[in-house]
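Per-entry structural report
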Amino acid sequence: MHVIFGSSGVVGSAVLAELHRKGLPTRGVYRSRKPSPHASEVARVDLETGEGLDASLAGATTVFLATGDMIDQVAAELRVASAARRAGALRIVKLSIMSAESEAFFYARVHRAIERGVEASGIAYTLLRPGGFMQNFIHYYGHAIRTEGVLRLPCDDFEENVIDARDIAQVAAECLASNRFEGQALTLCGPQPISYSAMVAEISALTGRKVTFESISPDAFREAMLPYAVSREHVDGITAMLRFHQEGRGPKTSDAVLEVTGKPPRSFEAFAREHASSWVP
């Protein structure tokens, strides 16, 4: 049984779909939103308290470990690793973040602390370190693009190698179904870096609407995001992460998607063509 935490999220739901396509049994773990019908079974768990955790891992052979932002994400995810060990799981695939090993910004420090706990758990593991998701242009940036024709971020225009969440999911499914990548940390990104101005230009060309990129101050970004964020630290962590990559301190390319799946990652152009209607009022 492959147990998928974060099964209602962008990556987790795609992992379920990939494992379903492979004909493998899955259990989708959720807290409030039930996962897609691709899950063979579902289990409700409260990771803040651990309620339902041991039951969700009964019979687990592998675990996909992902959560959304939480006040104490480290404790929550390490709770899963401990329960997976008790359940006799053979392998954990942890969804981390690009440059977690640097510990240079808030999100990197959170994920590296979890990675260390997974590494020390005694269970075989693979760490997935993706860059920014292309799906952010729909779920987080989509409303402003659609209604105002603008993408606002607290950084200058720079090239980032964004990745389609479905490519992350294909890598995760391979790592769950096989032991070929145990003990590895895989940096995952798209085929090439592309600037934010080039990405919104692609959206403009596909929708026939003028869409621009606007650099805003960290204070303006914080004011806009705080009503929806877990904490101020999480909001400021986004600014620090963008600054880290704007300064060129993170990786720009990786062949890991091709090496694991045998297929090159999707381009932003292909993603934008597929989802162009998402940015039309």
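Presented here is an overview of the structure given in this document.

Conventions used here
Residues numbered from 1 in each chain as written. Predicted model: local features only at pLDDT ≥ 70, side-chain atom pairs only at ≥ 80, totals over all residues. Heavy atoms only, no water. Helix = DSSP H or I, 4+ residues; strand = E, 2+ residues; numbered from the N terminus. Expected span 1.5 Å × (residues − 1). Buried < 20%, exposed > 50% of the residue type's maximum accessible area, 1.4 Å probe, protein only. Contact = heavy atoms within 4.5 Å. Pairing = 2+ DSSP bridges. Axes fitted to C-alpha atoms, helices over the stretch in contact; angles between N-to-C directions. Phe/Tyr/Trp six-rings, centres within 6.5 Å; stacked < 30°, edge-to-face > 60°. Parallel < 35°, antiparallel > 145°, perpendicular 65-115°, else oblique. Left-handed = near helix turned anticlockwise from the far one by under 90°. Nonpolar A, V, L, I, M, F, W, Y, C, P; charged D, E, K, R; others polar. Core = buried A, V, L, I, M, F, W, Y, C linked by side-chain atoms within 4.5 Å. Salt bridge = Lys/Arg side-chain N within 4 Å of Asp/Glu carboxyl O. Right-handed = clockwise from strand over helix to strand, strands pointing away.

A short note on helix H1 (residues 10-21)
The end-to-end C-alpha separation of H1 is 17 Å, in line with the 16 Å expected for 12 residues at 1.5 Å each. Restricting attention to buried positions, one finds in H1 the residues Val11, Gly12, Ala14, Val15, Leu16, Glu18 and Leu19. As for H1, its buried residues are in contact with strand E1 (2-4), strand E2 (26-30), strand E4 (62-65), strand E5 (91-95) and helix H7 (165-177). One or two positions beyond H1, positive phi appears at Gly23, with a value near 75 degrees.

Describing the sheet that holds E5
Sheet architecture is open: 7 strands sit in the order E3-E2-E1-E4-E5-E6-E9, paired in parallel fashion. Strands at the two margins of the open sheet, each flanked by one partner only, are strand E3 (41-44) and strand E9 (185-188). Each neighbouring strand pair of the sheet contributes to a mean axis angle of 20 degrees, computed without reference to strand direction. Pairing of E1 with E4 involves 3 bridges; the strand directions are parallel. Within E4, the residue paired with Val3 across the bridge is Val63. Here H1 sits on the sheet in contact with E1, E2, E4 and E5, set at roughly 160 degrees to E1.

Focus: the packing of aromatic side chains
Where two aromatic rings form a pair, the distance of their centres and the angle of their planes describe that pair. In total, this model carries 9 aromatic pairs according to the counting rule given. Linked through ring pairs, Phe137, Tyr141, Phe158, Tyr196, Phe213, Phe268, Phe271 and Trp279 together constitute an aromatic cluster.

Looking at the packing of helix H3 (residues 73-87) against helix H4 (residues 106-119)
For the pair H3 and H4, the least separation of the axes is 9 Å and the interaxial angle reads 20 degrees. What the angle tells us is that H3 and H4 run roughly parallel. Between H3 and H4 the crossing geometry is right-handed. Packed against H3, whose contacting residues are Gln73, Val74, Glu77 and Leu78, the element H4 presents Val110, His111, Ala113, Ile114, Gly117 and Val118 at the interface. The class makeup of the residues in the contact of H3 with H4 is 6 nonpolar, 3 polar and 1 charged.

Regarding the nonpolar core
By size, the foremost hydrophobic cluster in this structure holds 33 residues, and its most contacted members are Phe5, Leu47, Leu53, Leu57, Val63 and Ile92. Sorting the residues of this core by element identifies E4, H3, H4, strand E6 (124-130) and helix H10 (232-246) as the ones contributing at least two each. With 6 residues, the single largest contributor to this core is H4. Leaving out residues up to four positions away in the same chain, Phe5 has contacts with Val29, Leu47, Leu53, Ser56, Leu57, Val63, Phe64, Leu65, Ala66 and Val80.

Remarks on the environment of Ala58
Inspection of the secondary structure puts Ala58 in the loop between helix H2 (53-56) and E4. Under the relative-accessibility criterion, Ala58 is labelled partly exposed at 43%. A sequence separation of 95 residues divides Ala58 from Leu153, and the C-alpha atoms of the two residues are 43 Å apart.

What to know about the pattern of salt bridges
Summed over the entire model, instances satisfying the criterion amount to 22 salt bridges. Notably, a salt bridge pairs Arg86 with Asp54, separated by 2.7 Å at the nearest N-O pair. Here Asp54 lies in helix H2 and Arg86 lies in helix H3, a separation of 32 residues in the sequence. What makes Asp54 partly exposed here is its relative accessible area of 46%.

Looking at the pairing of E2
On any regular strand, side chains alternate: one points to one face of the sheet, the next to the other face. Burial within E2 is extensive, with 5 of its 5 residues counted as buried. Side chains Thr26, Gly28 and Tyr30 of E2 all project onto a buried face; the interleaved residues Arg27 and Val29 project onto the opposite face, where all are buried too. Bridge analysis of E1 against E2 gives 3 bridges, and the strand direction is parallel. For His2, the partnering residue across the bridge sits in E2 and is Thr26. Note that the unit made of E1, H1 and E2 has a crossover that is right-handed. Examined bridge by bridge, E2 and E3 share 4 bridges and lie parallel to one another. From the neighbouring strand, Val29 faces E3, where its bridge partner is Ala43.

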